[in-house]
Amino acid sequence: MAEGRPKRGGLGWAGTEFEVTVGPVAHGGHCVARHEGRVVFVRHSLPGERVVVRVTEDRHPGFCRADAVEVLEASPARVERPCPYSGPGRCGGCDWQHVDPAEQRRLKAAVVREQLARLAGLDVEVAVEELPGGPLRWRSRARFAVDRSGAPGLRRHRSHDVVVLDDCPITVEPAAAAVLQRRWPGAGAVDVSIDSTGAVTTARLDRQGRPTSSRVVRPGGELPEEPSGRAERRAGGRDWEVEGTGFWQVHPAAADALVAAVAGFADVRTGETVLDLYAGAGLFGGALAPAVGLEGRVVCVESDPGACAAADTNLGGFSQAEVWQGDVDAEGLTGLLAELGAAPDVVVLDPPRAGAGPAVSRLLAGTGARAVVYVACDPAALARDVAAFVEAGYRLAAVRGFDAFPMTAHVECVALLAR
Ligand SMILES: C[S@@+](CC[C@H](N)C(=O)[O-])C[C@H]1O[C@@H](n2cnc3c(N)ncnc32)[C@H](O)[C@@H]1O
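Not measured: the values here are computed from a predicted model.

Novice: Before we move on, could you go through the sheet that holds strand E4 (residues 50–57) and cite the residues and values that matter?
Specialist: Here we have five strands laid out as an open sheet, ordered E1-E4-E5-E3-E2, and mixed in their pairing. Edge positions in the open sheet fall to strand E1 (17–21) and strand E2 (31–35), since each of these has one partner strand only. Averaged over neighbouring strand pairs, the angle between their axes works out to 45° when direction is ignored. Across seven bridges, E4 lies against strand E5 (residues 63–73) in antiparallel orientation. Counterpart to Val55 in the pairing with E5 is Ala66.

Novice: So, the pairing of E1: which residues are in play, and what are the values?
Specialist: Only one face of E1 is covered, namely the one carrying Phe18 and Val20; the face carrying Glu17, Glu19 and Thr21 has none of its residues buried. Looking at chain direction, E1 and E4 are connected through five bridges and run antiparallel. Bridged to Glu17 within E4 is Arg54.

Novice: Could you give an account of helix H1 (residues 101–120), with specific residues and numbers?
Specialist: End to end, H1 covers 28 Å across 20 residues, agreeing with the expected 28 Å (1.5 Å per residue, within 8%). Looking only at H1, the buried set comprises Glu103, Gln104, Arg105, Leu107, Lys108, Ala109, Val111, Val112, Gln115, Leu116 and Ala120. Of the surrounding secondary structure, the elements contacted by the buried residues of H1 are strand E6 (128–129), helix H8 (379–391), strand E20 (395–402) and strand E21 (412–418). Count one or two residues on from H1 and you reach Gly121, which has phi positive near 65°.

Novice: So what about the sheet that holds strand E11 (residues 200–205)? Which residues, and what values?
Specialist: Here six strands make up an open sheet; going across it, the order is E9-E8-E7-E10-E11-E12 and the pairing antiparallel. Whereas interior strands pair on both sides, the edge strands pair on one side only; in this sheet they are strand E9 (162–164) and strand E12 (211–217). Averaged over all pairs of adjacent strands, the angle between their axes in this sheet comes to 35°, without regard to strand direction. As paired strands, E11 and E12 are joined by six bridges and run antiparallel to one another.

Novice: A description of the UniProt feature "active site" (unreviewed entry) in the protein should follow, citing residues and the corresponding values.
Specialist: UniProt records the feature "active site" (unreviewed entry) at Cys377, using the numbering of this structure. Residue placement: Cys377 occurs in the loop between strand E19 (371–376) and H8. When residues no more than four places from it in sequence are discounted, the contact partners of Cys377 are Arg353, Val411 and Glu412.

Novice: Explain the pairing of E11 to me, using residue names and the numbers behind them.
Specialist: It is a general feature of regular strands that their side chains alternate between the two faces of the sheet. Of all six residues in E11, five are buried, a share of seventy percent or more. Relative to E11, strand E10 (residues 189–194) is paired through six bridges, and the arrangement is antiparallel. Bridged to Ala189 within E11 is Leu205. Taking the residues that link successive antiparallel strands as the turn, the E11-E12 hairpin has five residues, and the phi of Gly209 there is positive, at about 85°.

What counts and what doesn't
Residues numbered from 1 in each chain as written. Predicted model: local features only at pLDDT ≥ 70, side-chain atom pairs only at ≥ 80, totals over all residues. Heavy atoms only, no water. Pairing = 2+ DSSP bridges. Helix = DSSP H or I, 4+ residues; strand = E, 2+ residues; numbered from the N terminus. Axes fitted to C-alpha atoms, helices over the stretch in contact; angles between N-to-C directions. Buried < 20%, exposed > 50% of the residue type's maximum accessible area, 1.4 Å probe, protein only. Expected span 1.5 Å × (residues − 1). Contact = heavy atoms within 4.5 Å. UniProt positions renumbered as here; feature names shortened; annotations may be inferred.

Spelled out as structure tokens, the structure:
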């Protein structure tokens, strides 16, 4: 073991190698091991494996981070990586290329369960469901970095270095090709997305991440059309308009699966009032609007003006639906609930990664809604907010997980909180 003075709070282990037996996977996708009394978060490993690790980061006295650089005893769930660019010290894009896809889902379920146990004190069965389309070529939207020579790629894990790529096997092929088979001199990064019509939008970003130009190539179109503000998406048996740069589920099958899960948990009845918070282009509100009928009401709340404009278009056919532009925070929500006049029967919320937070969760619990359907892309944020609802008298009635991000440790969850 390397000796000497601790480096930036660590113990000087950076760059050293040693053997460990790998324990369970932690939130974030790295496995937990122990060495000389310290926790080691091991990337590129699987529970139960005996591996040689190389420490990549040692900044904290309690733990360090390491890559498994040699596998001494492999898990039966280990597979050959389908992506030639992934692995220790290589592209930082996917953490789980070396894991059998069925095992990826089991590990994600274990992480959701562990977070709910640790942060909300709940013991809940969770399964993570596979989405149609297989584990590769699912990413319909991506951001690629560009190096100083104009070559595109992805950053090495926890590094500014760009690993130059010819292809990215998890990205939908025409989108990967549109960015990776050319050079982007002067750009800092390129965003790419492909919509349900097959139109590929590329947007150049400067080194500060600001968009500088974009272009759209439609299928069969010889010439690029510039620029496009809108993209077409399909979910729940209908088309949706989304702002070109606005939020939409990245996996092409995810919006459909989430709409079905939300509708199933919400079980909306005629005449009910539904709040769709963090509504984006109005996906959930629009899908639930037919069920409340003309006697009911759906209010979608979203902070982004472009997303609100798209939601206005998407909900335009429903006189029972409204789109309110505003912030869902303690102050905004207090005003919104006062303006609503009556307590909502059903609340759907789909906050960004950080979650809604305890103040918003407590306010929502205070409405007494008969069902709260929480859509979450981070199980830790979900568990923290679930704890606030449970403290306020709700119970976690069900959780479904969806493998909307295969080959990565990310998971999408839909939870039902009921009184
Ligand atoms: C995870 S997306 C969900 C969008 C939509 N439910 C869907 O599935 O397409 C989160 C949305 O919340 C919006 N948002 C973020 N913070 C917000 C806030 N404090 N108040 C209202 N909307 C917010 C973002 O602009 C984004 O559209």
